[in-house]
Amino acid sequence: MQALRPLSISAALDLVLAHPQWKDHIDVTRIGGFGASMGGETMMLLGGARLTTSYPGLSSDKVTFDPRVKAAVGYVPYFGQPVLPSFGRDQGGLDGITLPFLGISGTADTTAPISEVKSGMSRLTGTRELVALSGVTHGFDLASTNDIFTWTLTFLDAMVLGSPATQQQLSTMASVAGGGDDSVVIFYNGLP
């Protein structure tokens, strides 16, 4: 199931980009992705991450790489559990991944623990940022709606559309007004 998700996304992109109704209305150089829970894992797999394929050995294999996805956001992204990480031993399947990625995790999420997301994202070599939503568990948190959408749209504007003003804004953003209590755990581009 985990390996089929990114393959299905790539196939869906192929279909939409070839369809007469849509093909002339999509800029293939500006495609961003958003996924919640395992959808966040799917975004990483689209970026070329290696998926854990054995237990207890924790070896990992590449599923796919879709260069059309220019940046991605994962809301409560699933990076596995401490005993079974999604991306191989010590999340090593994320080494060398350059897909710009924003993770938005809940501090009280036991299904997709923020500790695993932090561990995995620290291995990424592309632009990255991890935002913590205080007290949020696994699932959509209505109180954090403004936080989720503001972080997501700002990141995708900066990374997919390449807005220098938004890139500058992200480099100084520490939280979003309104909504829940959000804070940056891994700063934009890894810079404090």
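Up top is the structure.
Attention in this report is confined to the structure presented alongside it.

Basis of the calculations
- Residues numbered from 1 in each chain as written.
- Predicted model: local features only at pLDDT ≥ 70, side-chain atom pairs only at ≥ 80, totals over all residues.
- Heavy atoms only, no water.
- Helix = DSSP H or I, 4+ residues; strand = E, 2+ residues; numbered from the N terminus.
- Buried < 20%, exposed > 50% of the residue type's maximum accessible area, 1.4 Å probe, protein only.
- Contact = heavy atoms within 4.5 Å.
- Lys, Arg positive; Asp, Glu negative; His and termini not counted.
- Charge placed at Lys NZ, Arg CZ, Asp CG, Glu CD.
- Pairing = 2+ DSSP bridges.
- Right-handed = clockwise from strand over helix to strand, strands pointing away.
- Salt bridge = Lys/Arg side-chain N within 4 Å of Asp/Glu carboxyl O.
- Axes fitted to C-alpha atoms, helices over the stretch in contact; angles between N-to-C directions.
- Core = buried A, V, L, I, M, F, W, Y, C linked by side-chain atoms within 4.5 Å.

Right, let's get into the overall build of the protein chain. Looking only at helices and strands, the protein chain has five helices and nine strands in total. With respect to the three principal axes, the spread of C-alpha positions in the protein chain is 45 × 45 × 30 Å. Going through the 192 residues of the protein chain one by one, you find that 49% of them count as buried. A sequence separation of at least 24 residues applies to 74% of the contacts in the protein chain between residues at least 6 apart. For the protein chain, the separation between the mean place of its 11 positive charges and that of its 16 negative charges on side chains is 9 Å.

Our focus in this paragraph is the pairing of strand 7 (residues 101-106). Within strand 7, six of the six residues are buried, which leaves it mostly tucked inside the rest of the structure. Taking every second residue as pointing to the same face, both faces of strand 7 are buried, with F101, G103 and S105 on one and L102, I104 and G106 on the other. When strand 4 (residues 69-75) meets strand 7, the two strands line up parallel, connected through four bridges. Along strand 7, the bridge assignment pairs A72 with F101. Pairing geometry for strand 7 and strand 8 (residues 128-133), over six bridges, is parallel. In the sheet register, F101 faces strand 8, and the bridge partner there is R128. Note that the unit made of strand 7, helix 3 (residues 114-121) and strand 8 has a crossover that is right-handed.

Let us look at the pattern of salt bridges. Side-chain pairs of opposite charge can arise whenever the charged atoms involved come near each other. Applying the stated criterion to the full structure yields four salt bridges. When the shortest N-O distance is used, the salt bridge between D27 and R30 registers 3.9 Å. Among the ionic pairs, D95 bridges to R123, the shortest N-O distance being 2.6 Å. In this pair, D95 is assigned in the loop between strand 6 (84-85) and strand 7 and R123 in the loop between helix 3 and strand 8, connecting sequence segments 28 residues apart. What makes D95 partly exposed here is its relative accessible area of 39%.

A separate point is the sheet that holds strand 9 (residues 182-186). Pairing within the open sheet is mixed, and its five strands lie in the order 1-4-7-8-9. Sheet topology places strand 1 (31-36) and strand 9 at the edges, where each strand pairs with a single neighbour. On average, each strand axis in the sheet is inclined to that of its neighbour by 20°, with strand direction left out of account. Relative to strand 1, helix 2 (residues 38-46) is tilted by about 145°, and along the sheet it contacts strand 1, strand 4 and strand 7.

On to the nonpolar core. Judged by nonpolar contacts, the single largest core of 24 residues is most densely connected at M44, F79, L94, F101 and M121. Of all the secondary-structure elements, those providing two or more residues to this core are helix 1 (4-18), helix 2, strand 4, helix 3 and strand 8. No other element matches the four residues that helix 2 contributes to this core. Residue contacts for M44: discarding those within four places in its chain leaves A49, F79, F87, L94, L99, F101 and L124.

Here M43 is to be found in helix 2. Distance in space between the C-alpha atoms of M43 and L17 is 19 Å, their sequence separation being 26 residues. Not counting chain neighbours up to four residues away, the residues in contact with M43 comprise G33, F34, G35, A72, V73, L99 and F101.

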